[in-house]
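Summary of structural features
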Amino acid sequence: DAGVIQSPRHEVTEMGQEVTLRCKPISGHDYLFWYRQTMMRGLELLIYFNNNVPIDDSGMPEDRFSAKMPNASFSTLKIQPSEPRDSAVYFCASSLAGTAMSWSSGNTIYFGEGSWLTVV
Amino acid sequence: AQKVTQAQTEISVVEKEDVTLDCVYETRDTTYYLFWYKQPPSGELVFLIRRNSFDEQNEISGRYSWNFQKSTSSFNFTITASQVVDSAVYFCALSEEKTSGSRLTFGEGTQLTVNP
């Protein structure tokens, strides 16, 4: 089975440019998560969706960041305008159930390979 | 507030040595879940284990074992007879049932290098 698919895997862009990261969750998963990994802050949740609806976006750093999920098989994370401090690895993840209580070895949150963003 | 601390930033061992990765957590919730993830050089996050706060039984899976101790708020991970393929960054994570729902709070990660 295909896992969570993210694109692009690597992107280098200039400050001020718009960046769009894409994610295709595992088919049938109702929850989709966007995490960011940086040296300074580690792995942190930015936003998550349930059935395409944003549930918690309290981790989104500022108005320059926006996320959408137009359908069950696609989500985007957009940064406009991008800044050097946005350089990070952005992970998309999906799960069948939303809470850790429901996760087990056979049903858990699956992460994509990440999108490595560098803003120069 | 929930917090996960992995005090060991980097560990280097020689193949076949046993190695323990430490994880200490903080939570006010009585029901919570602890996780370990592996991040190999390729970058993806691979699920290893989930433990709930009511189950303090230690778990063994092949060369991997986990020691959960509520008294010390620790959830340590041991790799027995380490192999070069175990080289990766390992993350401990916490989710509180009441307050965080789907949010995973990750530790800083421990970079494990297994040398041949």
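Read on for a plain summary of the structure. What you are looking at is a predicted structure, and each value in this text was computed from that prediction instead of being measured.

1. Things to note about the overall build of chain A
Tallying secondary structure elements over chain A gives zero helices and 11 strands in all. Mapped from its N terminus to its C terminus, chain A presents α and β elements in the order β-β-β-β-β-β-β-β-β-β-β. Radius of gyration (C-alpha) of chain A: 14 Å, near the 14 Å computed for a compact globule of 120 residues. If one aligns the C-alpha atoms of chain A with their principal axes, the spans along those axes are about 40 × 25 × 25 Å. Looking at the 120 residues of chain A, the share that counts as buried comes to 49%. Carbon and sulfur atoms provide 51% of the accessible area of chain A, an area that totals close to 5,800 Å². The distance from the centre of the 9 positive side-chain charges to the centre of the 13 negative ones in chain A is 2 Å.

2. As for the overall build of chain B
Tallying secondary structure elements over chain B gives zero helices and 12 strands in all. Counting from the amino terminus, chain B carries its helices and strands in the arrangement β-β-β-β-β-β-β-β-β-β-β-β. Against the globule reference of 13 Å for 116 residues, chain B gives a C-alpha radius of gyration of 14 Å, in line with a compact fold. Out of the 116 residues in chain B, the part that is buried amounts to 55%. Once local pairs closer than 6 in sequence are excluded, the contacts in chain B between residues at least 24 apart make up 57%. Between the averaged position of the 10 positive side-chain charges in chain B and that of its 15 negative side-chain charges there is a distance of 5 Å.

3. Side note on the sheet that holds strand β1 (residues 5-7) of chain A
In sheet architecture, strand pairing relies on hydrogen bonds along the backbone and comes in two forms, parallel and antiparallel. Residue and element names in this part refer to chain A. Spatial strand order, β1-β3-β8-β7: four strands in an open sheet with antiparallel pairing. Looking along the sheet, the strands with just one partner apiece sit at the ends: β1 and β7 (65-71). On average, adjacent strands in this sheet sit at an angle of 15 degrees to one another, irrespective of strand direction. Relative to strand β8 (residues 74-79), strand β3 (residues 19-24) runs antiparallel, the two being bridged by five bridges. Its bridge partner lying in β8, C23 is registered against S75.

Definitions and cut-offs
Residues numbered from 1 in each chain as written. Chains lettered and ligands numbered in written order. Predicted model: local features only at pLDDT ≥ 70, side-chain atom pairs only at ≥ 80, totals over all residues. Heavy atoms only, no water. Helix = DSSP H or I, 4+ residues; strand = E, 2+ residues; numbered from the N terminus. Rg over C-alpha atoms; globule rule 2.2 N^0.38 Å. Buried < 20%, exposed > 50% of the residue type's maximum accessible area, 1.4 Å probe, protein only. Areas by Shrake-Rupley, 256 points an atom, 1.4 Å probe, with all protein chains shown as cover. Lys, Arg positive; Asp, Glu negative; His and termini not counted. Charge placed at Lys NZ, Arg CZ, Asp CG, Glu CD. Contact = heavy atoms within 4.5 Å. Pairing = 2+ DSSP bridges. Axes fitted to C-alpha atoms, helices over the stretch in contact; angles between N-to-C directions.

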